[in-house]
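# A closer look at the structure
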Amino acid sequence: MTSRPQRTTPTGNLLTLAEVLDELRVPRSTFFRWKATGRAPKTIKYPNGSLYVRRRDLDAWLDDHEEEAAA
């Protein structure tokens, strides 16, 4: 497993949904399908409806989905 460098964003350790979608390179519809089926990274929902993801949760989610190199 390789370790990704920790990045800080304007919101500190919280990533906006747009930042997560950009990093994962998936459309919004795919992310929400993953969320509906329990396969997305953990999200934080603000009272105004905005979604955020903790940097550490996204990194852990990516680590959990990393595949081993073929031998």
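Per an unreviewed UniProt entry, the protein chain carries the name Helix-turn-helix domain-containing protein and comes from Micromonospora echinofusca.

Once that is clear, we can look at the overall build of the protein chain. Counting its regular elements, the protein chain contains three helices and three strands. In the protein chain, the succession of α and β elements from N to C terminus is β-α-α-β-β-α. For the protein chain, the residues scored as buried account for 30% of the 71 residues in total. Of the contacts formed within the protein chain by residues at least 6 apart in sequence, a portion of 47% connects residues at least 24 apart. Working note: accessible area of the protein chain is about 5300 Å², and carbon and sulfur atoms make up 51% of it.

Attention shifts here to the nonpolar core. In terms of nonpolar packing, the biggest core is built from 13 residues, with Val20, Leu24, Phe31, Trp34 and Leu58 touching the most fellow members. Those elements giving two or more residues to this core turn out to be helix H1 (17–24), helix H2 (28–36), strand E3 (51–54) and helix H3 (55–64). The greatest single-element share of this core, amounting to four residues, is contributed by H1.

Right, let's get into H2. Of all the positions in H2, only Thr30, Phe31 and Trp34 are classed as buried. Each buried residue of H2 lies within a common arc of 100° when the element is viewed along its axis, so the set occupies one face. Away from the buried face of H2 by more than 90 degrees, exposed residues Arg28 and Ala36 are located. In this structure, the buried side of H2 is in contact with H1 and H3. Looking at the residues trailing H2, positive phi occurs at Gly38, about 75°.

The next subject is the packing of aromatic side chains. Counted according to the given criterion, the structure contains three aromatic pairs. Ring centres of Phe31 and Phe32 lie 5.9 Å apart, and the angle between their planes is 90°; this geometry places the pair in the edge-to-face category. Phe31 gets classed as buried once you look at its relative accessible area, which sits at 0%.

Rules and cut-offs
- Residues numbered from 1 in each chain as written.
- Predicted model: local features only at pLDDT ≥ 70, side-chain atom pairs only at ≥ 80, totals over all residues.
- Heavy atoms only, no water.
- Helix = DSSP H or I, 4+ residues; strand = E, 2+ residues; numbered from the N terminus.
- Buried < 20%, exposed > 50% of the residue type's maximum accessible area, 1.4 Å probe, protein only.
- Contact = heavy atoms within 4.5 Å.
- Areas by Shrake-Rupley, 256 points an atom, 1.4 Å probe, with all protein chains shown as cover.
- Core = buried A, V, L, I, M, F, W, Y, C linked by side-chain atoms within 4.5 Å.
- Arc of directions from axis to C-beta.
- Phe/Tyr/Trp six-rings, centres within 6.5 Å; stacked < 30°, edge-to-face > 60°.

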